[in-house]
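This is what each chain is made of:
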Amino acid sequence: MKTSWRTASLVATAATVLALTTACGQDSGTTAASAARNAGATVAAGDDVNPGGGTAIGSGNGYGADGAQDSTAPATPAGKLTAASNPELGKVLTDGSGLTLYRFDKDTAEPPKSNCSGDCATTWPPVPADDATAGAGVDRALLGEVTRADGSRQLTIGGRPAYRYAKDVNAGDVNGQGVGGTWFALAPNGKKAKSSPMPGLSVRKDPKLGDIVVDRQGMTVYRFMKDKAWPKPVSNCTGACLEKWPAVAPVAADDTAGVKKKGLMPFTRTDGTRQMTVNCRPVYTFSGDKAPGDTNGQGVGGTWYAVSPDGEPVGAPGE
């Protein structure tokens, strides 16, 4: 980092439904109207506890004990900063190790000032300014620094002091997003990275399975080979099966991305509830998938398979 950009103040910079006919032979008069939308914005819990046994984040003043000075050693150097893509937050600022950088709503940018110290700085380590450089997608002019109460120099982005989160352990983690309603991932311009809900159904590239359909939460969507599509969709997953393989609720056709539109419609199950289909095939999620990206249901019993964008079962025998 060069001294030319170390300044105390910086320049900051339902739904239209696809009208399908009886392509799947669905119930007369049944359309995709009133399609359900699942809430998908990621909001981190505000009850995280300081790993070192300190004040709970999100309680009291929202970050830790007031008035305490930093008691921890300087954090790992920032290295080359990069604007990384996050599926829910868009572009977020990451350090040289790929860890997400955050901003604190109780800090100020003009002039830059950190109000996170003591226990707060243990849970949210300040990012040192010493070796930070601008990488891809980062404007070098927005990088600066602020001198903390303990004399250390903290990196600022657009005047906003930058932090890491102690519970982010892997590159790309955003566990600090929304904590206490005051901590947010940094966008490359120093503003808050904003959550943007995923479509009700979309496509993601799995490293082993290729392009597969996922729901609004990013959970893998599956087909049951014992179901029927013609002359109308029929689900043969009921009772205990349905508890293990929850049916995907109806989604408006314009609330999808990358999924084949033909045969993309809901149908009425025998129990009276509505379920979504892709290419007229009923679709489900799997209770054994605990996080976005999991594909634990793939191939279960030789009858359950992830769904391709055109509704075919991925990796099924003969496919």
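Notes on the structure follow.

Rules used throughout
The numbers attached to residues start from 1 for each chain and follow its sequence in the written order. For a predicted model such as this one, the threshold for reporting local features is a pLDDT of at least 70, and the threshold for listing and counting side-chain atom pairs is 80 or more; totals across whole chains, interfaces and linings nevertheless cover every residue. In computing side-chain values, all of the structure's heavy atoms are included and hydrogens and water are not. What counts as a helix is a DSSP run of H or I of at least four residues, what counts as a strand is a run of E of at least two, and both are numbered from the N terminus. Three labels apply to residues, based on accessible area from a 1.4 Å probe with only protein chains included: buried if under 20% of the type maximum, exposed if over 50%, partly exposed otherwise in between. Only when DSSP finds a minimum of two bridges between them are two strands counted as paired. Only buried residues count toward a nonpolar core, which is a set of Ala, Val, Leu, Ile, Met, Phe, Trp, Tyr and Cys residues joined through side-chain atoms within 4.5 Å. Within 3.5 Å is the distance limit for a polar contact, defined as a pair of N or O atoms, with the added protein rule that one can donate a hydrogen and the other accept it, and that residues adjacent in sequence qualify only through two side-chain atoms. Here is the rule: rings of Phe, Tyr and Trp (six-membered ring for Trp) pair when centre to centre is within 6.5 Å. Planes less than 30 degrees apart are stacked, more than 60 are edge-to-face, and the remainder are tilted. Salt bridges are defined as contacts in which a side-chain nitrogen from Lys or Arg sits within 4 Å of a carboxyl oxygen from Asp or Glu. Working convention for charge: Lys and Arg count positive, Asp and Glu count negative, and His plus the chain ends are omitted. Every residue pair with non-hydrogen atoms within 4.5 Å of one another is taken to be in contact.

### Quick look at the overall build of the chain
Then, number 1: Within the chain, the regular secondary structure consists of two helices and 18 strands.
Then, number 2: Burial status across the chain gives 47% buried among its 319 residues.

### Side note on the sheet that holds strand 11 (residues 201-206)
Then, number 1: Across the sheet, three strands lie side by side as 12-11-14; this open sheet has mixed pairing. The sheet terminates laterally at strand 12 (210-215) and strand 14 (256-257), the two strands that pair on one side only.
Then, number 2: Of the pairings in the sheet, the one linking strand 11 to strand 12 comprises six bridges and is antiparallel in character. Opposite Leu201, over in strand 12, you have Asp215 as the bridge partner.

### Brief notes about the nonpolar core
The nonpolar side chains of a soluble globular protein tend to be buried, and buried together.
Then, number 1: Among the nonpolar cores identified, the biggest contains 15 residues, and Leu89, Tyr102, Cys116, Trp124, Tyr163, Trp183 and Ala185 are the most heavily contacted of them.
Then, number 2: Looking at this core, the elements that each hand over two or more residues are strand 3 (102-104), helix 1 (119-123) and strand 10 (183-185).
Then, number 3: Counting residues in hydrophobic clusters, the runner-up holds 13 residues, among them Ala78, Leu81, Leu101 and Ile157.

### Digging into the side chain of Asp95
Then, number 1: Looking at the secondary structure, you find Asp95 in the loop between strand 2 (90-94) and strand 3.
Then, number 2: Owing to a relative accessible area of 4%, Asp95 belongs among the buried residues under this scheme.
Then, number 3: Here Leu99 takes part through its backbone nitrogen, which lies 2.9 Å from a polar atom of the side chain of Asp95.
Then, number 4: There is a polar contact of 2.6 Å between the side chain of Asp95 and the side chain of Arg164.

### Topic: the packing of aromatic side chains
Then, number 1: What the rule picks out here adds up to 12 aromatic pairs.
Then, number 2: Ring plane angle 0° and centroid distance 3.9 Å describe the contact between Trp245 and Trp304, whose orientation is recorded as stacked. Residue Trp245 is located in the loop between helix 2 (240-244) and strand 14, and its partner Trp304 is located in strand 18 (residues 304-306); the two are separated by 59 residues in the primary sequence. The same class applies to Trp245 as to Trp304, namely buried.
Then, number 3: Linked through ring pairs, Tyr102, Phe104, Trp124, Tyr163, Tyr165 and Trp183 together constitute an aromatic cluster.

### Notes on the sheet that holds strand 2
Then, number 1: In space, the three strands of this open sheet follow the order 2-1-6, with mixed pairing throughout. Edge positions in the open sheet fall to strand 2 and strand 6 (133-134), since each of these has one partner strand only.
Then, number 2: Sheet analysis places strand 1 (residues 80-86) next to strand 6, joined by two bridges and oriented parallel. Bridged to Leu81 within strand 6 is Ala134.

### Thoughts on the pattern of salt bridges
Then, number 1: Here the structure, examined in full by the defined rule, presents eight salt bridges.
Then, number 2: Between Asp105 and Lys192 there is a salt bridge, with the nearest N and O atoms lying 3.1 Å from each other. With Asp105 in the loop between strand 3 and strand 4 (108-109) and Lys192 in the loop between strand 10 and strand 11, this pair connects stretches of sequence that are 87 residues apart.
Then, number 3: Judged by its relative accessible area of 28%, Asp105 is partly exposed.
Then, number 4: The partner of Arg153 in a salt bridge is Asp130, with the nearest N and O atoms 2.7 Å apart.

### Description of the side chain of Asp215
Then, number 1: Its place among the elements puts Asp215 in strand 12.
Then, number 2: In this structure Asp215 is buried but unpaired, with Arg216 as the nearest side chain of opposite charge at 8.0 Å.
Then, number 3: From its side chain, Asp215 meets the backbone nitrogen of Gln217 in a polar contact 3.0 Å long.
Then, number 4: Not counting the four nearest positions on each side in its chain, Asp215 is found in contact with Met198, Pro199, Gly200, Leu201, Val221 and Thr285.

### Quick notes on the environment of Ala129
Then, number 1: Position of Ala129 relative to the elements: it lies in the loop between helix 1 and strand 6.
Then, number 2: On the basis of relative accessibility, which here comes to 0%, the residue Ala129 falls in the buried class.
Then, number 3: For the pair Ala129 and Gly79, spaced 50 residues apart in the sequence, the C-alpha separation amounts to 9.2 Å.

### A closer look at unusual backbone geometry
Then, number 1: Going from Glu110 to Pro111, the amide bond is cis rather than trans, its omega being -5°.
Then, number 2: A cis amide bond links Trp230 to the next residue, Pro231, at an omega of 0°.
Then, number 3: With respect to the helices, strands and loops of the structure, Pro231 is situated in the loop between strand 13 (222-224) and helix 2.
Then, number 4: Its identity as a non-glycine residue notwithstanding, Asn279 has a phi of 55°, on the positive side.
Then, number 5: On the secondary structure map, Asn279 appears in the loop between strand 16 (274-278) and strand 17 (281-282).
Then, number 6: Although it is not a glycine, Cys280 adopts a positive phi angle of roughly 70°.

Coordinates in, geometry out; function isn't part of it.
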